[in-house]
Structure formats: structure tokens, C-alpha cells
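# Descriptive analysis of the structure
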Amino acid sequence: MINPKFLKKHDWIQAEILSAFHDLGIEAKPEYRGQDWRADVFVPNDGQSIAFEVQLSPQSLKRTLERQSKYLRDGITGCWLFENPVSKLNDERPDLPLFYVEEGSQQELLVNLGDRKKVELKFFLEIFIKNNIKFRNIAKTDTVQNVKLVFYPMECWKCKEINTLYYVDTVFYSACHAEIRPDETLWDSNKPEYIPEIIQLANKFAQERPDLNLKFGTIKERYSNTVQSSYTAFGCYKCNSIFGDWFIMEAKLEYKYVTDILSLQEEIEISKVYELDIPHWCFPENNHFCEKKEKNTLVNKT
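Bear in mind the structure is a predicted one, so any value in this text is a computation, not a measurement.

## Considerations on the sheet that holds strand β1 (residues 29–33)
Read across the sheet, 7 strands follow the order β1-β2-β3-β4-β5-β6-β7 without closing on themselves; strand pairing throughout is mixed. A single partner strand is all that each edge strand has here, and the edge strands are β1 and β7 (118–120). Across the sheet, the axes of successive neighbouring strands diverge by a mean angle of 40 degrees, strand direction being ignored. Pairing geometry for strand β4 (residues 77–82) and strand β5 (residues 98–103), over 3 bridges, is parallel. Its bridge partner lying in β5, L81 is registered against F99. Each of β2 (38–43), β3 (50–55), β4 and β5 is contacted by helix α2 (residues 61–73), which is oriented at about 150 degrees to β4, the strand it contacts most.

In C-alpha cells, the structure reads:
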């Protein structure tokens, strides 16, 4: 590894990129000039040349896209390594492979893939040039999830009995570790609380802890006079009345301020894959990329 003490940070990162490609046996050229551009490191890769840009000083999204357009025009992939977040770049985009480089605790250089994971710079370069990082508009939930359920009481509006409800208090993850938050409205009627394996987890917990006297109503399709239609919902264990989303939200928000909460956290395997519209550069460890929609998935759109 190059000693960063004797180099400016930009020069250090540039030198590490050149060294990494040298170790991989791949040609890389520093300060390479094109028609009206100059790349920090240019890799004339077979089939698709790549220009690596190390951007440590502030640069607007507009200026970045202007410079990127020159690479696109010349049929070159421009890959950007920024030090700080880019203003106004709210979503990752397919025409702008942009990642963040930082120094690790052992003076190693790490690349941050959209806060999903951090990998060493050399490894990042190797997988990027092999096209093992791909842009996907869809994030697909991984089959194994670590789920936290929070249980809370709710009085039935009709019979006044106290029921037990729960909500999911953890994020879900795709195979490439993209975050899929459980409170996303994208879930539509298939809220994470209604996933069969999560219902089974809650019921299993109630059976194993009879001392808690948890009383669940059946989660099923119910008709609401308020909205004049049917949807999946919690209901009263005693009188079977529907618990509307508005009243559940009120009870849930009120309980969030309680310090002594009852919760359960456990790893479960979910049989169905859920897809949400989350544009991202996908890098799964098992090469199971977030691909196009499949027939057995539950699709939710904005």
C-alpha cells in the first residue's frame, strides 16, 4: 500500500487506483486526455473503456453531469469517486456511476456504495471493471430478514375490549443491502405486518408467552364503511370489528412514547419477494442482482 504521508489525498487515491490495476494486470493511464476531457485514471478496457474521476473539492450536480456527458458522448463509462455528498443528487442514477471514497481506520481506502456497504478500493475497482456492480431501478427484498416486532394495546371502538396489535420496527434489506423501510406507503395493502411469516412469528410468540395474555384478532380482508371498500386489516379478537388504519396509526404513535415496550426480534425467512421502486447501484454478495419483476413477487408502486 502506498504511504499517504508523502502525497496529497487526491494524488494518494489516484496512485492507489493505478497500483490496484497494475496488480490486477490491467492497463491504466494517469491524466489521460481525450477530445475535451482529462481523466484522473483511464482504463482502455476491452469492450468498454472507463474513466475514473477523483473529486474531493465541491462540484455541483450540474457540473458533474456536464463533464459526464462528454464521456457518454465518446462511449466511455465515467466512474466518479467523491469525498462528500453531491448537492441535489437525491437518487442514484444510471447515467452517473457515483460512489464515495473515504479513509479507513488502518489508513486503507474504502468505497462507500450508497451507505449499503463499504469495500476496499482495490476490490471495488475489480468488481466494477468486471461489471459486477449494475444499476437497478427495483430493490428486491432478501429472503432472510431480521425482524423486530413491537406490541402495543388498542381498545376496540365497538366492544371496548383491549386487543394486542404490533408493528414492524426494523428496516428490510435487499440482497445488496439497500434499505426498504417498513413504513413505506409503497407496500400498498400488503403491509409488512401482514406478511404470513410475520403473522406466524407474532402468533408463535403469543403461544410461547401465555403469561403476557396477548390477544390478537384475525388479520384478513375487511369491509370499511368509512372508505366504502375492503382491505386487509387488523380486527377485534372478540367482536371481529375492523380496526381502521387511522385509529391504528393514532394508537401506534401514542405508544411510541412509552419507554417500557414489549418487543421481539428474530431472524425469519420470507417466502415471497417484495419489490419496491428504489433506484440504486446494485452489488449483492451472492450475485443475485435486483433483476426485473418476477411472476411470484408482490409488486408495489409509488
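## Considering helix α3 (residues 121–129)
Where α3 is concerned, the buried positions are L121, F124, L125, I127, F128 and I129. With its phi angle positive at about 60 degrees, N131 sits one or two positions after the end of α3.

## Observations regarding the side chain of T164
As for its position among the elements, T164 is in strand β10 (residues 162–168). Overall, the relative accessible area of 10% leaves T164 in the buried class. Leave out the neighbours within four places in its chain, and T164 touches F151, Y152, L214, K215 and F216.

## Some thoughts on the pairing of β3
Among the 6 residues that make up β3, 6 are buried, leaving the element largely enclosed by the rest of the structure. Pairing geometry for β2 and β3, over 3 bridges, is antiparallel. Residue pairing across strands places F42 opposite A51, the latter belonging to β3. In this structure, the hairpin formed by β2 and β3 is closed by a connection of 6 residues, where G47 is found at a positive phi of approximately 90 degrees. Note that β3 and β4 share 6 bridges and pair parallel. Its bridge partner being in β4, V54 is matched across the sheet by L81. Between the parallel elements β3 and β4, the chain passes through α2 in a crossover that is right-handed.

## Considerations on the sheet that holds β10
Taking strand neighbours across the sheet as the criterion, the 3 strands line up as β10-β9-β15 in an open arrangement whose pairing is antiparallel. The sheet terminates laterally at β10 and β15 (262–269), the two strands that pair on one side only. Put simply, the sheet's adjacent strands are angled 30 degrees from each other on average, direction ignored. Pairing of strand β9 (residues 144–155) with β10 involves 7 bridges; the strand directions are antiparallel. Bridge pairing in β10 links M154 to N163.

## What to know about the nonpolar core
Counting 41 residues, the largest nonpolar core has L149, F151, Y166, I198, F234 and F243 as its most contacted members. Elements with a contribution of two residues or more to this core: β9, β10, α4 (196–208), α5 (245–255), β15 and β16 (274–282). Per element, the largest residue contribution to this core is 6 residues, and it comes from β9. Within the second largest apolar cluster, 29 residues are counted, among which are L81, F99, V111 and V119.

## Focus: the pattern of salt bridges
Considering all chains together, one arrives at 17 salt bridges under this definition. Between R116 and E92 there is a salt bridge whose closest N-O contact spans 3.0 Å. Residue R116 is found in the loop between β6 (109–112) and β7, and its partner E92 is found in the loop between β4 and β5; the two are separated by 24 residues along the sequence. Residue classification places E92 among the partly exposed positions, given a relative accessible area of 23%. Shared partners join several salt bridges into a network, and the residues in it are D36, R73 and D74.

## Points about the pairing of β6
Burial along β6 is two-sided: L109 and V111 facing one way and L110 and N112 facing the other are all buried. The pairing of β5 with β6 spans 4 bridges and is antiparallel. Note that in β6 the partner of V101 across the bridge is V111. In this structure, the hairpin formed by β5 and β6 is closed by a connection of 5 residues, where Q107 is found at a positive phi of approximately 60 degrees. In the sheet, β6 pairs with β7 via 3 bridges, with the strands oriented antiparallel. Across the sheet, residue V111 finds its bridge partner in β7, namely V119.

## Looking at the packing of aromatic side chains
As enumerated under the stated definition, the model contains 21 aromatic pairs in all. An angle of 75 degrees between the planes, with centres 6.2 Å apart, marks the rings of F99 and F128 as edge-to-face. With F99 in strand β5 and F128 in helix α3, this residue pair connects regions lying 29 residues apart in the sequence. Both residues of the pair, F99 and F128, belong to the buried class. When the ring of Y152 is compared with that of Y255, the centres are 6.1 Å apart and the planes differ by 35 degrees; the resulting orientation is tilted. On the criterion of sequence distance, the pair formed by Y152 in strand β9 and Y255 in helix α5 is long-range, its members being 103 residues apart. Residue classification places Y152 among the buried residues on the basis of a relative accessible area of 2%. An aromatic cluster of at least three residues, connected via ring pairs, comprises F21, F52, F99, F124, F128, F135 and W281. Positioned above the aromatic ring of F283 is the side chain of K117, whose terminal nitrogen or guanidinium carbon lies 4.5 Å from the ring centre. Taking the ring centre of F289 as reference, the NZ or CZ of K134 above it sits at 4.8 Å.

So, how was this worked out
Residues numbered from 1 in each chain as written. Predicted model: local features only at pLDDT ≥ 70, side-chain atom pairs only at ≥ 80, totals over all residues. Heavy atoms only, no water. Pairing = 2+ DSSP bridges. Helix = DSSP H or I, 4+ residues; strand = E, 2+ residues; numbered from the N terminus. Axes fitted to C-alpha atoms, helices over the stretch in contact; angles between N-to-C directions. Contact = heavy atoms within 4.5 Å. Buried < 20%, exposed > 50% of the residue type's maximum accessible area, 1.4 Å probe, protein only. Right-handed = clockwise from strand over helix to strand, strands pointing away. Core = buried A, V, L, I, M, F, W, Y, C linked by side-chain atoms within 4.5 Å. Salt bridge = Lys/Arg side-chain N within 4 Å of Asp/Glu carboxyl O. Phe/Tyr/Trp six-rings, centres within 6.5 Å; stacked < 30°, edge-to-face > 60°. Lys NZ or Arg CZ within 6 Å of the ring centre and 35° of its normal.

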